[in-house]
Each structure stands twice: as C-alpha cells, then as structure tokens.
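# Per-entry structural report
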Amino acid sequence: MKVVILDDADAVASYGADIFREQLQAKPASVFGLATGSTPLKLYRELIESNQQGDISFSEVRSFNLDEYMDLPPEHPQSYRYFMDEEFFKHIDIDRSNTHVPPGNADNPLTACREYEGAIAAAGGIDIQLLGIGRNGHIGFNEPTSCLASRTRVKTLTEETIADNARFFSEGETQPQLSITMGIGTIMEARLVVLLATGESKAEAIKAMVEGPVSAWCPASALQMHPATVVIVDEAAASALSNPEFFKHIERHNQALLARIKA
Ligand SMILES: N[C@@H]1[C@@H](O)[C@H](O)[C@@H](COP(=O)(O)O)O[C@@H]1O
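For clarity, every value in this text was computed on a predicted model and none was experimentally measured. Here the residue index of a chain counts from 1 through its sequence in written order. The model is predicted, so local features are restricted to residues of pLDDT at least 70 and side-chain atom pairs to those at 80 or more, both for listing and for counting; the totals for chains, interfaces and linings are taken over all residues. Values reported for side chains reflect all heavy atoms of the structure, with hydrogen atoms and water molecules removed beforehand.

### With respect to the overall build of the chain
For clarity, the threshold we go by: Helix and strand definitions follow DSSP, with helices as H or I runs of at least four residues and strands as E runs of at least two, each counted in order from the N terminus. Per-residue accessibility, obtained with a 1.4 Å probe over protein chains only, is compared with the maximum for each type, and a residue is labelled buried under 20%, exposed over 50%, and partly exposed between these values. Here, residues are in contact when the closest pair of their heavy atoms is within 4.5 Å. Note on areas: these come from Shrake-Rupley sampling with a 1.4 Å probe, and a residue is covered only by the protein chains present in the view. This count recognises Lys and Arg as positive and Asp and Glu as negative, with His and chain-terminal groups excluded. To locate a charge, the coordinates of NZ of Lys, CZ of Arg, CG of Asp or CD of Glu are taken.
Counting secondary structure elements, the chain contains eight helices and ten strands. Dimensions along the principal axes, computed over C-alpha positions, put the chain at roughly 55 × 40 × 35 Å. Across the 263 residues of the chain, 52% fall into the buried class. Long-range pairs, those at least 24 residues apart, make up 79% of the contacts in the chain between residues at least 6 apart in sequence. Only carbon and sulfur atoms are counted for the fraction: they give 53% of the accessible area of the chain, which is about 11,900 Å². Charged side chains in the chain number 22 positive and 36 negative. The centres of these two groups are separated by 6 Å.

### A word on the environment of glutamate 159
Considering the arrangement of structural elements, one finds glutamate 159 in helix H5 (residues 159-165). The spacing of glutamate 159 and asparagine 136 is 23 residues in sequence and 11 Å in space, taken between C-alpha atoms.

### Considerations on the UniProt feature "domain: Glucosamine/galactosamine-6-phosphate isomerase" (unreviewed entry) in the chain
Inclusion rule: UniProt positions are given in the numbering used here, feature names are shortened, and annotations may be inferred rather than shown by experiment.
As annotated by UniProt and renumbered to match this structure, "domain: Glucosamine/galactosamine-6-phosphate isomerase" (unreviewed entry) occupies residues 9-226. Secondary structure content for residues 9-226 is 33% helix and 14% strand, and the end C-alpha separation is 24 Å.

### Observations concerning the site of the ligand
Note the cut-off: Residues are labelled near a given molecule or strand when at least one of their non-hydrogen atoms is within 4 Å of it. Residues adjacent in sequence count toward polar contacts only when both atoms are side-chain atoms; beyond that, a polar contact is any pair of N or O atoms within 3.5 Å, and within protein one must be able to donate a hydrogen and the other to accept it. Each residue is assigned to one class: nonpolar for Ala, Val, Leu, Ile, Met, Phe, Trp, Tyr, Cys and Pro, charged for Asp, Glu, Lys and Arg, and polar for all the others, Gly among them.
Residues in close proximity to the ligand total 14 residues, the closest being Ser38, Thr39, Asp67, Phe141 and Lys202. Taking aspartate 67, its side chain carries an N or O atom lying 2.8 Å from a nitrogen atom of the ligand. Residues of the shell around the ligand, tallied by class, amount to three nonpolar, eight polar and three charged.

### Overview of the sheet that holds strand E10 (residues 229-234)
The criterion, for reference: For two strands to be treated as a pair, DSSP must find no fewer than two bridges joining them. To define axes, lines are fitted to C-alpha atoms, for helices over the stretch in contact only, and angles between the resulting N-to-C directions are given on a 0 to 180 degree scale.
Strand order in this open sheet of seven strands is E1-E10-E9-E6-E2-E3-E5, and the pairing throughout is parallel. The outermost strands of the open sheet, each flanked by one partner alone, are strand E1 (2-6) and strand E5 (99-100). Relative to strand E9 (residues 192-197), strand E6 (residues 128-131) runs parallel, the two sharing four bridges. Opposite isoleucine 128, over in E9, you have leucine 192 as the bridge partner. Packing of helix H1 (residues 9-26) onto the sheet brings it into contact with E1, strand E2 (31-34), E6, E9 and E10, and relative to E10 it is tilted by some 155 degrees.

### Some details on the pattern of salt bridges
Worth spelling out the cut-off: One speaks of a salt bridge when a side-chain nitrogen belonging to Lys or Arg is within 4 Å of a carboxyl oxygen belonging to Asp or Glu.
Here the structure, examined in full by the defined rule, presents 17 salt bridges. Lysine 90 is the salt-bridge partner of glutamate 86, the closest N and O atoms lying 2.9 Å from each other. You can call lysine 90 exposed: its relative accessible area is 52%. A salt bridge links glutamate 235 to lysine 248; its shortest N-O distance comes to 2.9 Å.

### Digging into the sheet that holds strand E4 (residues 67-69)
Reading across the sheet, the three strands line up as E4-E8-E7 and stay open at both edges, with antiparallel pairing between neighbours. The outermost strands of the open sheet, each flanked by one partner alone, are E4 and strand E7 (153-156). Within this sheet the neighbouring strands show an average axis-to-axis angle of 30 degrees, counted without direction. Judged from the three bridges that link them, E4 and strand E8 (residues 178-181) form a sheet pairing that is antiparallel. If you follow glutamate 68 over to E8, its bridge partner there is isoleucine 180.

### Side note on the confidence of the model for the chain
Applicable threshold: Every residue is assigned a pLDDT by the predictor, reflecting its confidence on a scale from 0 to 100.
This prediction gives the chain a mean pLDDT of 96; 100% of its residues lie at or above 70. Overall fold confidence (pTM) sits at 0.96, and the ipTM for the predicted complex is 0.95.

### Considerations on the nonpolar core
This is how it is decided: What is meant by a nonpolar core is a set of buried Ala, Val, Leu, Ile, Met, Phe, Trp, Tyr and Cys residues, joined one to another through side-chain atoms within 4.5 Å.
Core analysis: the largest hydrophobic core is formed by 63 residues, its most contacted members being Phe58, Phe88, Leu195, Ile206 and Met209. Counting residues per element, this core draws most heavily on H1, at seven residues. If we skip the residues at most four places from it in the chain, methionine 209 touches Met1, Ile133, Leu195, Cys218, Ala220, Ser221, Leu223, Gln224 and Val231.

### Details of the packing of aromatic side chains
Our working definition: Stacked, tilted and edge-to-face are the three classes applied to pairs of Phe, Tyr and Trp rings, where Trp contributes its six-membered ring and a pair requires centres within 6.5 Å; stacked means planes under 30 degrees apart, edge-to-face means over 60, and tilted covers the rest.
For the structure shown, the criterion picks out ten aromatic pairs. Ring plane angle 85 degrees and centroid distance 5.6 Å describe the contact between phenylalanine 58 and phenylalanine 88, whose orientation is recorded as edge-to-face. Remark: phenylalanine 88 occurs in the loop between helix H3 (80-87) and E5 and phenylalanine 58 occurs in the loop between helix H2 (41-52) and strand E3 (62-65); sequence separation between them is 30 residues. We note that phenylalanine 58, like phenylalanine 88, is buried. Arranged with centres 5.8 Å apart and planes meeting at 80 degrees, the rings of phenylalanine 64 and tyrosine 116 form a pair that is edge-to-face. Here phenylalanine 64, found in strand E3, pairs with tyrosine 116, found in helix H4 (residues 109-122); they are 52 residues apart in sequence, far enough to count as distant. For the pair phenylalanine 64 and tyrosine 116, a shared accessibility class is recorded, and that class is buried. Linked through ring pairs, Tyr44, Phe58, Phe88 and Phe89 together constitute an aromatic cluster.

Shown next, in the form of structure tokens:
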C-alpha cells in the first residue's frame, strides 16, 4: 500500500487526476470503477477540465460505479446515478451507455447484483478503482463486518453512515437504509486502486486502514492485501498515522526514481 501525504485537498485531487490522465493516455479504452461522495468531486472537476481542453478523452471508456441506494429511481437527486450524471458524465465525452451504476430500483436486486458482476467481467475487469472512505472505514457501502471476499450484493447501512449522509436529504424525505454495493472481493480485483481521503474526520479510518489489523471491522484494511493500492491523503486525514514522515520519505524517493527513469 503506497501512502501519499499532500498539503491539501487540491493537491490530493491533482495527484489522483494525474493517475487517471496517464492511464487514459496509455489505454484510451480503460475501464474505470468510480465513486460518489464529496471527496472525489475535485478530481472529477480536474478531469472534466482536461477533457474539455482536449488533453484526454473518455470516448472509449467504460465505467462501473461502486454503489447505489436501493429503491431510489435513477432520476432522484440523491441517487448515485443522478450524482454521476450531474457531477461528471454530462460534462465529458463519455458515451452514457458505457456508464454503469448498480440498479438500485431493480425488480430483482439479487439477479441485478449477479448481472453487475457479469458486466464488469465482460468488460475485462477494472483498470482503476477510485475509492473514498467512510468514517467507519467503509469502502463503497461495505460497512464494518462485511465479508472481505464479498461480491456485489445488497447491504444494510449502519446508523453512522445513515447519519453521515443525512445532510444530502431534505427534512422529512425518506432516506434509504439499504444499498447495492460492489463487494470487497470485487474491489480487490481492480488492477489499481486509488483511495482518496481529506479532512480530519477521516484520520481514524485512515489509521485503521493503513496500520490496523486486516479486519472486517475496518473494511478498507483489506486493501493491505491488494498488490497495487495508492492512498492519497491530505495532512489532516494523515494526522492520526503513527509515522507520517516515513511515508513522505518514501514518496520523495519514489519521485526521485521516477524522474531518473523519465530522464
Ligand atoms: N458510499 C459512499 C462511499 O463510497 C464514500 O466513499 C463515503 C465517503 O463520502 P465522502 O467522500 O462524502 O466523505 O460515503 C458514502 O457512504
């Protein structure tokens, strides 16, 4: 697990966006696993800008989102499909029919989950999976106690997650308590995982993910077993790590090595 600690949320977004830009230059028909939440917004804005300037194209990209609320229609403003359309897809040259979000309102969610897994496999698997992290260490909607080998399935949200996401729903509006999410096993099959976290509220989750035991109590800790995960955090999200200086030291060496290779 590579941990990159940067000054602020803007630097986190740029570092993450560079990974996507380089991937697109190397493989225009990439398959991206995408995430919602407030954390990846700046990264999406950077990619939108690069796309609009003509530096990168999403015309051959296929995407699979991590998760979706159950029982929200795609046009509901709090659905993750709506979020992705509004915040990303409608601003870039992606073919909307190549974008996939788990169907939260499927008649048979169990069949829909199997089909989602099948669609990812048929696309050749995910090249880069983008992730945020919940305060309780969840990735996607894989809440604590999730099976670390789980596949796409229906998950019940914890009270903490429901409370964290309540800010997006208006008063009196019914907030879903169920979701469809890629499993941890699904995420672990991505060729590269890029996890972003910013702000002090994520500091304990980042510590548990990076330093804690691999445990279903912190689903993100499974990424310690992933061969290519980059965790990009700002100083605040890194503030509970025992030895942030060590990661900065490693990153300085990595950058020096990269400069040598490119020279
Ligand atoms: N299902 C999403 C996650 O994919 C996201 O990573 C997390 C953190 O969201 P935020 O980035 O807004 O803190 O919350 C949600 O519950």
